[in-house]
Amino acid sequence: MPKAIAKQLVACLDNRGYRASLEARKIYVSLRDAAAEKRGLMRVIDESGEDFLHPKTHFRAIALPRSLRKAVMAKA
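Scope of this entry: the structure provided in the associated data block. Predicted model, so just to flag it, every value in this text is computed and none were measured.

1. Brief notes about the nonpolar core
Turning to step 1, where the next piece is worked out: Counting residues in each nonpolar core, the largest one holds seven residues, listed as Val10, Cys12, Leu22, Tyr28, Met42, Val44 and Phe59.
Turning to step 2, where the next piece is worked out: Contributions of two or more residues to this core are made by strand 1 (7-12) and strand 3 (41-45).
Turning to step 3, where the next piece is worked out: Ignoring any residue separated from it by four or fewer positions in sequence, one finds Phe59 in contact with Val10, Ala11, Cys12, Leu13, Leu22, Tyr28, Met42, Val44 and His54.

In structure tokens form, the structure reads like this:
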């Protein structure tokens, strides 16, 4: 059985340099990528629907109520 990929919800605070692929103040799903994090990057499923590396400083992790988190993750 394949190992589950750790996901978290993040809010985009800054989309400078990535205006076509990120919207400021929007919630995105981030995938755990230890190698990217060491380089100050975060793997995010952006507007293209694919995961790409973006600067970690552009995002903040968010916590949502369980029912809302479940609904958002179901669409990811």
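2. Concerning the environment of Phe52
Turning to step 1, where the next piece is worked out: Looking at the secondary structure, you find Phe52 in strand 4 (residues 51-55).
Turning to step 2, where the next piece is worked out: When the C-alpha atoms of Phe52 and Ile62 are compared, they prove to be 19 Å apart, with ten residues separating the residues in sequence.

3. A few points about the pattern of salt bridges
Turning to step 1, where the next piece is worked out: Evaluation of the coordinates by the stated rule reveals five salt bridges.
Turning to step 2, where the next piece is worked out: The partner of Asp33 in a salt bridge is Arg43, with the nearest N and O atoms 2.9 Å apart. Residue Asp33 is located in the loop between strand 2 (27-31) and helix 1 (34-38), and its partner Arg43 is located in strand 3; the two are separated by ten residues in the primary sequence.
Turning to step 3, where the next piece is worked out: Asp33 sits in the buried class, given a relative accessible area of 16%.

4. Structural notes on the sheet that holds strand 4
Turning to step 1, where the next piece is worked out: Read across the sheet, five strands follow the order 4-3-2-1-5 without closing on themselves; strand pairing throughout is antiparallel. Two strands close off the open sheet at either side, each with one partner strand: strand 4 and strand 5 (59-61). In this sheet, neighbouring strand axes are inclined to one another by 45° on average, regardless of whether the strands run parallel or antiparallel.
Turning to step 2, where the next piece is worked out: Note: strand 1 against strand 2, five bridges, orientation antiparallel. Opposite Lys7, over in strand 2, you have Leu31 as the bridge partner.
Turning to step 3, where the next piece is worked out: Sitting on the sheet, helix 2 (residues 66-74) is in contact with strand 1 and strand 2, with an inclination near 90° to strand 1.

5. Some details on the packing of aromatic side chains
Turning to step 1, where the next piece is worked out: All told, the structure shown has one aromatic pair when counted by the stated rule.
Turning to step 2, where the next piece is worked out: On the basis of an interplanar angle of 90° and a centroid distance of 6.5 Å, the ring pair of Tyr28 and Phe59 is categorised as edge-to-face. Of this pair, Tyr28 sits in strand 2 while Phe59 sits in strand 5; the two residues are 31 residues apart in sequence, bridging distant segments of the chain.

6. Notes on the side chain of Asp33
Turning to step 1, where the next piece is worked out: A polar contact of 2.9 Å, which involves the side chain of Asp33, links it to the side chain of Arg43.
Turning to step 2, where the next piece is worked out: Once residues lying within four places of it in the same chain are set aside, the contact partners of Asp33 are Arg43 and Leu53.

The rules we used
Residues numbered from 1 in each chain as written. Predicted model: local features only at pLDDT ≥ 70, side-chain atom pairs only at ≥ 80, totals over all residues. Heavy atoms only, no water. Core = buried A, V, L, I, M, F, W, Y, C linked by side-chain atoms within 4.5 Å. Buried < 20%, exposed > 50% of the residue type's maximum accessible area, 1.4 Å probe, protein only. Helix = DSSP H or I, 4+ residues; strand = E, 2+ residues; numbered from the N terminus. Contact = heavy atoms within 4.5 Å. Salt bridge = Lys/Arg side-chain N within 4 Å of Asp/Glu carboxyl O. Pairing = 2+ DSSP bridges. Axes fitted to C-alpha atoms, helices over the stretch in contact; angles between N-to-C directions. Phe/Tyr/Trp six-rings, centres within 6.5 Å; stacked < 30°, edge-to-face > 60°. Polar contact = N/O pair within 3.5 Å; in protein donor to acceptor, adjacent residues only side chain to side chain.

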